[in-house]
Amino acid sequence: MKKILNIISYVITVCLFCAQYIFLFDLICIGKISKFNHIWTKVCRFDVLEEYLACMVNYDIVCIVLILPVLSLMLFRLIRVYRKQIWMIPIFGFLLFVLSIITYWGLV
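This structure is a prediction, so every number in the text was calculated from the model and none was measured.

Draft legend 1. Structural detail: the packing of aromatic side chains. Evaluation of the coordinates by the stated rule reveals six aromatic pairs. Judged by centre distance (6.0 Å) and plane angle (40°), the rings of Phe17 and Tyr21 are tilted. With Phe17 and Tyr21 both in helix 1 (residues 2–30), this residue pair falls four residues apart, about one helical turn. For Tyr21, a relative accessible area of 24% gives the class partly exposed. Members of the aromatic cluster, each reached through a chain of ring pairs, are Phe17, Tyr21, Phe25, Phe94 and Phe97.

Draft legend 2. Quick look at a nonpolar patch on the surface. On the surface, a nonpolar cluster with roughly 520 Å² of combined accessible area is contributed by Met1, Ile4, Leu5, Ile8 and Ile12. Following the sequence through the fold, Leu5 ends up in helix 1. Judged by relative accessible area, Leu5 falls into the partly exposed class, the value being 41%.

Draft legend 3. Focus on the nonpolar core. If you look at the biggest cluster of nonpolar residues, it comprises 11 residues: Tyr10, Val14, Leu16, Phe17, Leu71, Met74, Leu75, Leu78, Tyr82, Ile86 and Ile89. The set of elements that each furnish at least two residues to this core consists of helix 1 and helix 2 (49–81). The contacts of Ile89, once residues within four sequence positions are left out, are Tyr10, Thr13, Val14, Phe17, Leu75 and Leu78.

Draft legend 4. The side chain of Gln20, seen in detail. With respect to the helices, strands and loops of the structure, Gln20 is situated in helix 1. Given a relative accessible area of 10%, Gln20 falls into the buried group. In this structure Gln20 touches Ile67 and Leu68, once residues within four positions along its chain are discounted.

Cut-offs used in this document
Residues numbered from 1 in each chain as written. Predicted model: local features only at pLDDT ≥ 70, side-chain atom pairs only at ≥ 80, totals over all residues. Heavy atoms only, no water. Phe/Tyr/Trp six-rings, centres within 6.5 Å; stacked < 30°, edge-to-face > 60°. Helix = DSSP H or I, 4+ residues; strand = E, 2+ residues; numbered from the N terminus. Buried < 20%, exposed > 50% of the residue type's maximum accessible area, 1.4 Å probe, protein only. Patch = residues over 30% accessible without salt bridge, like charges linked within 9 Å, V, L, I, M, F, W, Y side chains within 5 Å. Areas by Shrake-Rupley, 256 points an atom, 1.4 Å probe, with all protein chains shown as cover. Salt bridge = Lys/Arg side-chain N within 4 Å of Asp/Glu carboxyl O. Core = buried A, V, L, I, M, F, W, Y, C linked by side-chain atoms within 4.5 Å. Contact = heavy atoms within 4.5 Å.

Here it is, written out as structure tokens:
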């Protein structure tokens, strides 16, 4: 049972790294932490531009505040189990990120 939980934790950590890469890619593409993008219009429905951008900043801060601590805790937990294989987690997360970008753009 513990071995299965370790594998599930490994997969979750890879997915968290992918989410972190997606957030950083979004941050690089837009160039600022508050975004004005059509993706978030369903979540933040405000008429005033400042309130819309404040809502976007809240979502970015939630991404940072939730993903980074959970990612750190998962890595600390997995270091004890997968000592030398822990460096593969960011690489697998990046590969998952690249696959998601390629799939989104329709290149597959």
